[in-house]
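Read off the chains here:
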Amino acid sequence: MNSPSLLSSLNPSTEPDALDSIERAEIDASTRIPVLLFFASAIFWLLVGSSLGLVSAWKMTNPALLDSFSWLTFGRLRPAHLNAVIYGWATPAAIGVGLWLTARLCRIPLLHSKLLISAAIIWNLGILLGICGILIGDGRSIEWLEFPAYSTPILFIAYAFIGIWTIIMFRFRKPGHIYVSQWYLFAAFLWFPWLYATANILLVWQPVQGPAQGAINWWYAHNVLGLWFTPIGLAAAYYFIPKVIGRPIHSYYLSILGFWSLALFYSWNGMHHLIGGPFPAWMVSASVVASMMMFIPVITTAINHHMTMRGHFESLQWSPTLRFIVFGAVSYTVVSLQGSSMAIPALNTITHFTDYTIGHAHLGLYAFFTMILFGSMYYIVPRLVGWEWPSATLIRWHFWLSAVGILLMVGALTLGGLLQGLALYDVASTFRSSLEFANPFRVLRGISGFILLAGQLVFAFLFVQMLLKLGAPKKGPALFTKPAEQTNDTVAI
Amino acid sequence: MNKLPLIFVGIFLTFTSAWIGLVAYPTLNLGEMQPLPDEETGGVLPPTTSGLAVAGQKVYASSGCVYCHSQQVRWSPLSTDIAKGLGPRQTVARDYLREKVAFLGTMRTGPDLSNIGARQPDTNWHHQHLFEPRTVTDWSIMPSYRYLYKTQKIEGQPSSDAVQGLRGPHAPKLGYEVVPSEEAKALVAYLLSLKKNYKLPESPEPSEP
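Residues numbered from 1 in each chain as written. Chains lettered and ligands numbered in written order. Predicted model: local features only at pLDDT ≥ 70, side-chain atom pairs only at ≥ 80, totals over all residues. Heavy atoms only, no water.

Asker: Would you take a moment to explain the overall build of chain B for this structure?
Answerer: Helix and strand content of chain B: five helices and four strands. Walking chain B from its N terminus toward its C terminus, one meets helices and strands in the order α-β-β-α-α-α-β-β-α. Its C-alpha atoms give chain B principal-axis dimensions of about 80 × 50 × 30 Å. In chain B, which comprises 209 residues, the proportion classed as buried is 52%. For chain B, the exposed area adds up to about 9700 Å²; of that, 59% sits on carbon and sulfur atoms. (Helix = DSSP H or I, 4+ residues; strand = E, 2+ residues; numbered from the N terminus. Buried < 20%, exposed > 50% of the residue type's maximum accessible area, 1.4 Å probe, protein only. Areas by Shrake-Rupley, 256 points an atom, 1.4 Å probe, with all protein chains shown as cover.)

Shown next as structure tokens:
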């Protein structure tokens, strides 16, 4: 063990963890069943959710497609798609990554795995019931909260188990530093149940009067992204980037600034979805200001990650984990700056009701969060199953299909959305022209959906091979290329 | 940042600040809003809606209309909504008092519906349009809601509520008619009830639209 550098002595929490390899393997083994259960179900729902999205996308250019069945109508497939990917894919995958990170960073083997296994099973039953409920017409048409009232309590119970587990883990953690990823995890695991309970009580179980609903709806929907997915995505980035390249985070103080400014400003962002809407002006203004202030956490985090990576970019050539995570981290910066710009009323009036917003949502949820989740899984799964990824070529396919697919999707929706928005804004333009402008870009978006789904199928195939330990045993991790000079300690994947 | 209780207090307080502003405030304030008396008719503003329209709102929700249609008119000059004829004035909180779910919407893949009941007051037009949008607007990309209708053999007199004016490939065969289900009737009643064109003191109509 080297003596600590001056920097790490001053900033003790810039290193993810200080465990020896035996402790690490013990902790990883303890997380095996719950984490794999969350991952496997998440990948299943990712495929279901993407297929639902793909059909809805093609319905926008071919309205007659599958139009004789009530349960396949666009207005049901679209919310089924959104809920399947948000609550079926992203949330369980985030929980899986979060559980694993929590155990490693609390430096203790995972406690009470039965609590988590039950949570995973109950959660998935709730999702199944909810998705079927939307398709048979029980959806509530409250965006991000479409699940019928009979399925949300199930999800809440499942989540409560996870929340309780988090508190237990933090309570029994090994004494010592609390690493930056842990702040984000701790916060996210507490914010989410609060968000979910508030929104369900006020909008689903005991709905408040109509005029108040929009504000609560968008406070919730925006914070699911901002205070649930984003912190977990950043926790993973803060963990894996230093881990894979084998050096500490650039600055402890930037991490603190990034964390607290995110906590304060992101929570106020929701009303920028309702600019010009029927609400008191101060509420919308507060959200516009908070959206601008998001520059602080975003740029802080971007600088911190970039400076950590500086001089180590060649690692992207060989590490699948790093390639996905860095793609996600860069997308986080881009999507956040775009999001702030979309809160500027003059731009918002053009983009508000158009495909531009859909492009933005996918940039956030796919290019940022889903890519971070993929990267994390590439690191975590081999340590849980004791088997290496069978094919670097397939991982490369997965990466490029995902990257090209999402860039095509976001590019098409952004351009198409702008033209659509200008036609909707221009008093001399007809409504018809807004459709005609958007149409070719919607076809491109439909094509990008196929590309993304193909990438996901490759990943699902790899994941199943890992679970079944198929393929020839490998000597080392599946890397894209052989790293130039690496010791065994620094080659993480 | 090595003290968990401190971190807890911080994440609690930051979250609470927005919770008070964006959740508690609208719940206590907008959630208790009351209708205004309408001096002209002796009724209230916004006007009450029929039971059928309330039932239709459920069909609107279960069909997911909100994913393509907004129901809000933004103010001028921020937007051109009023100039483009979406409504005579900006929509305000009180306009949504009658709504069990306020379908403000986030997309205008289809046109805004805040005033569709005033723009298209004809019941049969709505049935034609829902049954097959392309019989009334040939470039529409709205899906057909055929599943809310029944095609049946005409027995004796044609039904009084049969959908008129269906043409081309969408027309029923000779001797058959298309009749709306209860759900379709409720949905149309709801659409016809969407008229946010009454006067509210807090939302004056701009003099020059």
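Asker: I tried to follow the pattern of salt bridges on my own but got confused; where do I start?
Answerer: Note that side chains of opposite charge can pair when their charged atoms are close. Residues and elements named next belong to chain A. A complete count under the given rule lists 17 salt bridges over all chains for this structure. Residue Asp28 pairs with Arg104 through a salt bridge whose shortest N-O separation is 2.8 Å. Separated by 76 residues along the polypeptide, Asp28 in helix α2 (residues 21–30) and Arg104 in helix α4 (residues 74–106) bring together distant segments of the chain. The exposure classification of Asp28 matches that of Arg104, with both residues buried. (Salt bridge = Lys/Arg side-chain N within 4 Å of Asp/Glu carboxyl O.)

Asker: Sorry, what's going on with the pairing of strand β4 (residues 176–180) of chain B here?
Answerer: Along a regular strand, successive side chains alternate from one face of the sheet to the other. Residue and element names in this part refer to chain B. Burial within β4 is extensive, with four of its five residues counted as buried. Alignment of strand β3 (residues 149–153) against β4, held across five bridges, turns out to be antiparallel. For Gln152, the partnering residue across the bridge sits in β4 and is Glu177. (Pairing = 2+ DSSP bridges.)

Asker: Which parts of the structure should I look at to understand the interface of chain B and chain A?
Answerer: Think of interface size as the accessible area that goes away when the parts come together; that is how it is often given. The interface is formed by 72 residues belonging to chain B together with 85 residues belonging to chain A. The contact between chain B and chain A buries some 6800 Å² in all, and 67% of this surface belongs to carbon and sulfur atoms. Broken down residue by residue, the surface that chain B buries against chain A is led by B:Met1, B:Phe15 and B:Tyr67, which jointly contribute 13%. In this structure, A:Asp67 engages B:Arg146 in a salt bridge whose closest nitrogen and oxygen atoms are separated by 2.7 Å. At the boundary of chain B and chain A, one finds 20 residue pairs in polar contact (both at pLDDT 80 or more). Among the elements of the structure, α1 (4–28) and α2 (51–63) of chain B are those that each provide at least two residues to the side of chain B that touches chain A. Sorting elements by how many residues they give to the side of chain B that touches chain A places α1(B) first, with 18 residues. (Contact = heavy atoms within 4.5 Å. Buried area = accessible area lost by both parts, 1.4 Å probe. Polar contact = N/O pair within 3.5 Å; in protein donor to acceptor, adjacent residues only side chain to side chain.)

Asker: Teacher, can you tell me more about the layout of surface pockets here?
Answerer: Its boundaries defined by the atoms lining it, the second largest pocket holds a volume of some 1000 Å³. Taken together, 50 residues line the second largest pocket, and the ones lying closest to its centre are A:Phe431, B:His69, B:Gly110, B:Pro111 and B:Asp112. For the lining of the second largest pocket, the secondary structure elements donating two or more residues are α3 (32–61), α4, α14 (345–351), α16 (392–425) and α17 (431–468) of chain A together with α2, α3 (116–119) and α4 (123–131) of chain B. A breakdown of the residues in the lining of the second largest pocket according to their chemical character gives 24 nonpolar, 19 polar and seven charged. (1 Å grid on protein atoms, 1.4 Å probe; cavity = no way out; pocket = protein on both sides within 12 Å on 5 of 7 lines; lining within 4 Å. Points joined across faces, edges and corners; volume = space filled by probe spheres on them. Nonpolar A, V, L, I, M, F, W, Y, C, P; charged D, E, K, R; others polar.)

Asker: Honestly, empty space enclosed by the protein in this entry has me stumped. Any pointers?
Answerer: Gaps left between atoms show up when a probe the size of a water molecule is rolled over them. Under the counting rule described, the total for this entry stands at three cavities of 30 Å³ or more. Of the voids in this model, the second largest cavity is the one considered here, and its volume is about 150 Å³. Lining the second largest cavity are 14 residues, and of these A:Ile142, A:Glu143, A:Asn217, B:Ala102 and B:Leu104 lie nearest its centre. If you tally residues by element for the lining of the second largest cavity, the top one is helix α8 (residues 210–245) of chain A, at four residues. The residue makeup of the lining of the second largest cavity, split by class, is eight nonpolar, five polar and one charged.

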